[in-house]
Amino acid sequence: MGDILIVDDERDIRELISDILEDEGYTTRLAGNSDDAMKEINAEAPALMILDIWLKDSRMDGIDILKTAKRDNPDVPVVIISGHGNIEIAVAAIKQGAFDFIEKPFNIDQLLVVIRRAMETSRLRRENRELRQREVSSFEMVGSSAAYRALLNQLDKVTKSNGRVMLSGPAGVGKEVAARYIHANSNRASGPFITISCASIEPDRVEEVLFGRESSEKGIEPGLLEQAHGGVVFFDEVADMPMGTQSKILRVLVDQQFQRVGGSEKVRVDLRVISSTNRSLEAEISAGNFREELYHRLNVVPIAVPSLEERREDIPELAAHFIEMFHRTQGLPLRKISGDAAALMQTMVWPGNVRQLRNLIERVLILHDGDKPIEVKDLPQETDSGSKEERVLLTGALATLPLREAREVFEREYLLTQINRFGGNISRTANFVGMERSALHRKLKSLNVVTSNKSGARVAHVENEDADA
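Conventions and cut-offs
- Residues numbered from 1 in each chain as written.
- Predicted model: local features only at pLDDT ≥ 70, side-chain atom pairs only at ≥ 80, totals over all residues.
- Heavy atoms only, no water.
- 1 Å grid on protein atoms, 1.4 Å probe; cavity = no way out; pocket = protein on both sides within 12 Å on 5 of 7 lines; lining within 4 Å.
- Points joined across faces, edges and corners; volume = space filled by probe spheres on them.
- Helix = DSSP H or I, 4+ residues; strand = E, 2+ residues; numbered from the N terminus.
- Nonpolar A, V, L, I, M, F, W, Y, C, P; charged D, E, K, R; others polar.
- Axes fitted to C-alpha atoms, helices over the stretch in contact; angles between N-to-C directions.
- Parallel < 35°, antiparallel > 145°, perpendicular 65-115°, else oblique.
- Contact = heavy atoms within 4.5 Å.
- Buried < 20%, exposed > 50% of the residue type's maximum accessible area, 1.4 Å probe, protein only.
- Pairing = 2+ DSSP bridges.
- pLDDT = per-residue confidence, 0-100.
- Polar contact = N/O pair within 3.5 Å; in protein donor to acceptor, adjacent residues only side chain to side chain.

### Quick look at the layout of surface pockets
Empty space among the atoms becomes apparent when a probe as large as a water molecule is rolled across them.
(1) Moving on: Volume-wise, the second largest pocket comes out at about 1200 Å³.
(2) Moving on: Lys 70, Arg 71, Asn 73, Pro 74 and Asp 75 are the residues nearest the centre of the second largest pocket, which is lined by 44 residues in total.
(3) Moving on: Counting only elements with at least two residues in the lining of the second largest pocket, the list comes to α3 (62-72), α4 (87-95), α5 (108-137), β9 (219-222), α9 (224-227) and β12 (266-268).
(4) Moving on: For the lining of the second largest pocket, the element with the highest residue contribution is α5, accounting for 6 residues.
(5) Moving on: Here the residues of the lining of the second largest pocket sort into 16 nonpolar, 12 polar and 16 charged.

### Topic: the packing of helix α14 (residues 339-347) against helix α17 (residues 403-421)
(1) Moving on: Look at α14 against α17: their axes get within 9 Å of each other, and the N-to-C directions meet at 110°. Viewed along their axes, α14 and α17 adopt a mutual orientation that is roughly perpendicular. For the pair α14 and α17, the contacting residues are Ala 343, Gln 346 and Thr 347 in the first and Thr 417, Gln 418 and Arg 421 in the second.
(2) Moving on: Split by residue class, the contact of α14 with α17 holds 1 nonpolar, 4 polar and 1 charged.

### Comments concerning the pairing of strand β13 (residues 272-277)
(1) Moving on: Most of β13 is tucked away: 6 of the 6 residues are buried.
(2) Moving on: Bridge count for strand β6 (residues 165-168) against β13 is 4 bridges, and the pairing is parallel. Considered in β13, the bridge of Val 165 is made with Ile 274.
(3) Moving on: Here strand β10 (residues 232-236) pairs with β13 via 4 bridges, running parallel. Residue pairing for β13: Phe 235 is matched across the bridge by Ser 275.

### Observations regarding the confidence of the model for the protein chain
If pLDDT is low for a region, its predicted coordinates should not be looked at in detail.
(1) Moving on: Looking at the protein chain, the pLDDT average stands at 86 and 90% of residues meet or exceed 70.
(2) Moving on: The lowest-confidence element of the protein chain is helix α20 (residues 463-468), averaging 57 in pLDDT; the highest-confidence one is β6, averaging 98.
(3) Moving on: In this model, residues 383-389 is a region of pLDDT below 50 whose contacts with residues beyond four sequence positions or in other chains number 1 contact.

### A closer look at the sheet that holds strand β7 (residues 193-197)
The strands that make up a sheet are held in pairs by hydrogen bonds between backbone atoms, and each pair lies either parallel or antiparallel.
(1) Moving on: Within the open sheet, the 5 strands sit side by side as β7-β10-β13-β6-β14. Their pairing is parallel. Each having just a single partner strand, β7 and β14 (301-304) make up the two edges of the open sheet. Put simply, the sheet's adjacent strands are angled 20° from each other on average, direction ignored.
(2) Moving on: Against the sheet, helix α6 (residues 146-158) engages β6, β13 and β14, with an angle of about 155° to β14.
(3) Moving on: Its contacts with the sheet place helix α7 (residues 175-184) against β6, β7, β10 and β13, and it is angled at close to 155° to β7.

### Focus on the side chain of Lys 175
(1) Moving on: For Lys 175, the position within the fold is in helix α7.
(2) Moving on: We classify Lys 175 as buried; its relative accessible area is 5%.
(3) Moving on: Polar contacts involving the side chain of Lys 175 include one to the main-chain carbonyl oxygen of Pro 170, which spans 3.1 Å.
(4) Moving on: Setting aside its immediate chain neighbours within four residues, Lys 175 contacts Leu 167, Ser 168, Gly 169, Pro 170, Phe 234, Glu 237, Ser 276, Thr 277, Asn 278 and Val 305.

### A look at the sheet that holds strand β4 (residues 78-82)
(1) Moving on: The strand order β2-β1-β3-β4-β5 describes an open sheet built from 5 strands, whose pairing is parallel. What marks the edges here is a single partner per strand, and that holds for β2 (27-31) and β5 (100-103). Averaged over all pairs of adjacent strands, the angle between their axes in this sheet comes to 20°, without regard to strand direction.
(2) Moving on: Packed onto the sheet, helix α1 (residues 11-23) meets β1 (3-7), β2, β3 (48-52) and β4 and runs at close to 170° relative to β2.

Below you can see the structure in the form of structure tokens.
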């Protein structure tokens, strides 16, 4: 049923409690002083602890043991017993995290009720943690493009280490999903994953939010870093972290400990740190907005998360994934995507990246009822002339060019879009546009269009763009 550690300096009492609990189906361990108690706790955390306040011939009293045990094993419920009970001691014990306080001589039935309640509370906490873990594991990495496979290969290399990772990439590419993937596949998967939004931390509350607080009124209030103990802390968009906060975080990374606001004792934490940024931290350092030492502490393993532009091949697969997810979580229609609609999405501009694609799919499912496939007409159009005829509307610059130059501009942009849509695959592009492969190569050469590797994928671009840059 559960392993219970009984700590009491009176042998008769701890053996009596042990006999009663073992009759109820529990297993027990016994300790008569603080040294033996800490040895048992450090060897293996119990499911519950019954702890006497006053321990003769001990270096620590019950309150000291309680504070240490709750710091290192916050999920273990502790029931305090004392033959010198008073309101002040009971209040102090509860504020330090005790589950309940029972005065000696205690009623056996009362003790059993308290223990059952404490064990049930502990069970619910474990189940809640497991549910949170399943939620974390549900953040799926989706794709099959070369850029996606290159990213996944890099993430898999860092999952089994404790090295600090810096994820970079434009907003909306899925940096938090990548961070959660690392966590879910690491040896810390059973621990917490705590996200800290660097831009939202108020400078005057940073210590309280990150480090927690101790007060006589509310006892211990753990901060986000303490909540992440044993797991992963994710600093989202670290470039937005205020300078004052940066120095405090740097100190924690160096010392792996801190003090709560209002507290006097050091709190040790075991954390793996993952950070993200959509800006150049080197540029922020040059501008005096980011501490160089913190950058080097966080940027142990840099990983670039590709934009949706760099992985257009994955758009149909991502869209299907989001449709299934919204069907499962919101009950929205489980619709397929027509080939024309998928092709159009692969040619669209996605400044918001994967997040924008997800929002588009949700909007289409909400606004268009039924279970028919998603068609081109269901997708938002940049312009809507009200005409039933499909027209290509000229931009101001294109409309001013002679026909030959305008055709060249159109062909170049059209072929760039199609090649990138097919992940740099010339054969698939030629098949789609209706050209022989050799003819397509000649056309690309005449338009100065070349392909090169970027983030593990083949990407088309205009050759003289590099020279101009």
